[in-house]
Amino acid sequence: MHSFHFCTKAQLSRRTMLRGLGVALALPLLDAMRPAFAKEPAGSKTPQRFVAMCTTLGIHQPFLIPAATGSNYDMTPYLSLLKDQRDKMTVFSGISHQDQNGGNGHTTENTWLTAATHPGLIGFRNTISLDQVMAAKLGPTTRVPYLALSTGGDSMSWTSSGVQIPGDNSPTKLFARLFIQGTPAEIATQRRGMERGHSVLDTINAQAKRLNGNLGARDQEKLDQYLTSVRELESDLTQSAGWLDRPKPTVIATPAKDITDRNTVGPRIRQMCEIIKLALQTDSTRVITYRINGLSTVPAIEGVTLNWHELSHHGQDPNKIAELRLIEEVEFTELAIFLASLRAIKEDNSTLLDNTSIIYGSNLGNASNHDWKNLPLVLAGGGFKHGSHLAFDAKNNLPLSNLFVQLLQKMGVEIDAFGTSTSTS
C-alpha cells in the first residue's frame, strides 16, 4: 500500500551541522531539510580467515561450470586453470540470493554479500554484509578489523546501517598502512586525532539527540541510522588506539608502485592479491573483501578489441564470447596464482589456504541479460571437504545465504540464519 508523508515540522537548512571542538559533520539529507512541499573465536588454535572476491560483470558459465556433478567432473576451461587446487575447492551451481529483481541488473553488486532483497528499488535499504558481521565478532583481535578492497571506488562491504564502505584500491597505500611503522611524531599525531575524534563524537551525539526531538518519524529513523554509524566509528577508534604503540609486522617485501592504468587487468589484480596474502600471513586482518570491477573500456589484453561491458552483453555472439573468454581467463589465472601462494605458506600442520575460506564468483548468473539467478561460485580453502561440483536446482535455486551461515560459523560467529537462508546444511 502506498503511504503518504506529511511534513509537520519546521524546515531545517541543508547546511545544518553537528559541531564539536571546531569540527563540523554534515547531517544526512533529512526530509525536514527539503522544501515543505577482540575476542578470539572459539575453535581452532590456528586463526580462521575469510576472503570474498566478486567479478561484477559476471562469469561465462559454460567455461566454468562442469556438466557432471560430484567429484568426477571434467575440468572446464576456467577450472583447468585451477587444476592444482582441485582438492582444495568446491564448485557450486544452482544457487542465488532470493528476490534480487530491482533497479537494474547491476544493482545486485550491492547485495552479493548482504542478500538484501530488491536492490535499487524505491525505499530499498541495504543490510550488513557478512564480512562486517565477522569483523564485529573478531573486534580488536587484529590490527585492522577488515579490509574492503576494490579495483575502483566502491567495495562489496556494507555496515549495519546499510552504508557502503569505500573501497581501498591502492596496494602501495595498503602496504604502508599495514607494514610501515610510523615515526614517534606520526604516532603521536594519530593518537591526538583519535582522542579528538572521541571528544567530537561525544559532542555530536549529544547535539544529535537534542535535534531528534524536533524531527518527524521518518527523519528520526534516518538520524538514528546516522548515529549508529557514528557509534560504529567510535568503536573503531577505540579498537585502533590500542594498536598504535605495537610494532607493525616486518615483511620481506617492498611496495610496488601502483599500476594506475585501469585497463591493465591481470597485473593490477595480482598486485592487490599480494597485499591480501601478506595481510593474512601476518595476521594483520582476518576479513577481506575484494571487488573486481568490470570496465566500459577495452582491457589491455592481447586479442581483445571491444570494451568489457559490451562483451559481457554478448547475446551469444561467438566472436564476443571468444574475446570475453580472454579477459576471464586472465582473472582465473590470477586466482590460481593467489590460491597457490596461500597453499605454499605453512601454518602448524596445515597451510594458509586451509585456514582461509575464499569465495570467488559474481553477482550475475548471466551477465548478458542481467540474470541474477544461478550464480557462479567457487569456494576454496577453509578446511572444508572439497573436490566436488555441488549442483542444486537450476529453477528453484538454493539460497546462497545458506553457505554464508556456514562461513560465518567457521569464523566463530554463533549464528543460525543470515539474509534469506533456509538451512545451514
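Residues numbered from 1 in each chain as written. Predicted model: local features only at pLDDT ≥ 70, side-chain atom pairs only at ≥ 80, totals over all residues. Heavy atoms only, no water.

## Here we look at the confidence of the model for the chain
Low pLDDT marks regions whose predicted coordinates should not be analysed in detail. For the chain, mean pLDDT is 85; residues scoring 70 or higher make up 81% of the total. A low-confidence stretch, residues 1-10 stays under pLDDT 50, and its non-local contacts, those more than four residues away or across chains, total eight contacts. A low-confidence stretch, residues 35-44 (pLDDT under 50), is modelled with 18 contacts involving residues beyond four sequence positions or located in other chains. (pLDDT = per-residue confidence, 0-100. Contact = heavy atoms within 4.5 Å.)

## So, the pairing of strand β6 (residues 147-150)
Burial of β6 is two-sided: the residues L147 and L149 facing one way and the residues A148 and S150 facing the other way are all buried. The pairing of β6 with strand β9 (residues 287-292) spans four bridges and is classified as parallel. Residue pairing across strands places A148 opposite T289, the latter belonging to β9. (Buried < 20%, exposed > 50% of the residue type's maximum accessible area, 1.4 Å probe, protein only. Helix = DSSP H or I, 4+ residues; strand = E, 2+ residues; numbered from the N terminus. Pairing = 2+ DSSP bridges.)

## Some thoughts on the packing of aromatic side chains
For any pair of aromatic rings, the description consists of the separation of the ring centres together with the inter-plane angle of the planes. Considering all chains together, one arrives at four aromatic pairs under this definition. With a centroid separation of 4.9 Å and 20 degrees between ring planes, the pair formed by Y78 and F332 is classed as stacked. A residue pair is termed long-range when its members are at least 10 positions apart, and Y78 in helix α1 (residues 77-80) and F332 in helix α8 (residues 318-343) qualify at 254 residues. With respect to burial, Y78 and F332 carry one shared label: buried. (Phe/Tyr/Trp six-rings, centres within 6.5 Å; stacked < 30°, edge-to-face > 60°.)

## Digging into the nonpolar core
Of all hydrophobic cores here, the largest spans 54 residues; its most connected members are M53, I276 and Y290. Those residues in contact with I276 that sit more than four places away from it in its chain are V51, M53, L149, I288, Y290 and F338. (Core = buried A, V, L, I, M, F, W, Y, C linked by side-chain atoms within 4.5 Å.)

## Points about the pattern of salt bridges
For the coordinates displayed, the defined rule picks out 10 salt bridges. Across the pair R270 and E334 runs a salt bridge whose closest N-O atoms are separated by 2.8 Å. Here R270 is found in helix α6 (residues 265-281), whereas its partner E334 is found in helix α8, with 64 residues between them in sequence. One salt bridge connects E274 with K277, and the closest N-O pair in it is separated by 3.1 Å. (Salt bridge = Lys/Arg side-chain N within 4 Å of Asp/Glu carboxyl O.)

## Thoughts on helix α2 (residues 130-138)
Buried residues dominate α2, accounting for seven of its nine residues. Among the residues of α2, those classed as buried are L130, D131, Q132, V133, M134, A135 and L138. Buried residues along α2 sit against β3 (49-55), β7 (154-158), β8 (164-166), β9 and α9 (400-410). Immediately beyond the C-terminal end of α2, within one or two residues, lies G139, with a positive phi of roughly 60 degrees.

## Topic: the sheet that holds β9
The sheet built from seven strands is open, its strands ordered β6-β9-β3-β12-β13-β4-β14 with mixed pairing. Whereas interior strands pair on both sides, the edge strands pair on one side only; in this sheet they are β6 and β14 (389-391). When the angles between neighbouring strand axes are averaged without regard to direction, this sheet yields 15 degrees. α2 rests against β3 and β9 of the sheet, and its axis sits at about 160 degrees to β9. Of the strands in this sheet, β3, β6, β9 and β12 (356-361) touch α6, which is tilted by about 175 degrees from β9. (Axes fitted to C-alpha atoms, helices over the stretch in contact; angles between N-to-C directions.)

## Let's talk about the environment of S368
Along the chain, the position of S368 falls in the loop between β12 and β13 (377-381). S368 sits 57 residues away from L311 along the chain, and the two C-alpha atoms are 8.3 Å apart. Setting aside residues no more than four positions away along its own chain, S368 makes contact with S312, H313, H314 and G315. Only 3.0 Å separates the side chain of S368 from the backbone nitrogen of G315, close enough to count as a polar contact. (Polar contact = N/O pair within 3.5 Å; in protein donor to acceptor, adjacent residues only side chain to side chain.)

## As for the pairing of β3
For β3, the buried fraction is high: seven of the seven residues fall into the buried class. Examined bridge by bridge, β3 and β12 share six bridges and lie parallel to one another. Its bridge partner being in β12, C54 is matched across the sheet by G361. Sheet topology note: the β3/β9 ladder contains six bridges and is parallel. For A52, the partnering residue across the bridge sits in β9 and is T289.

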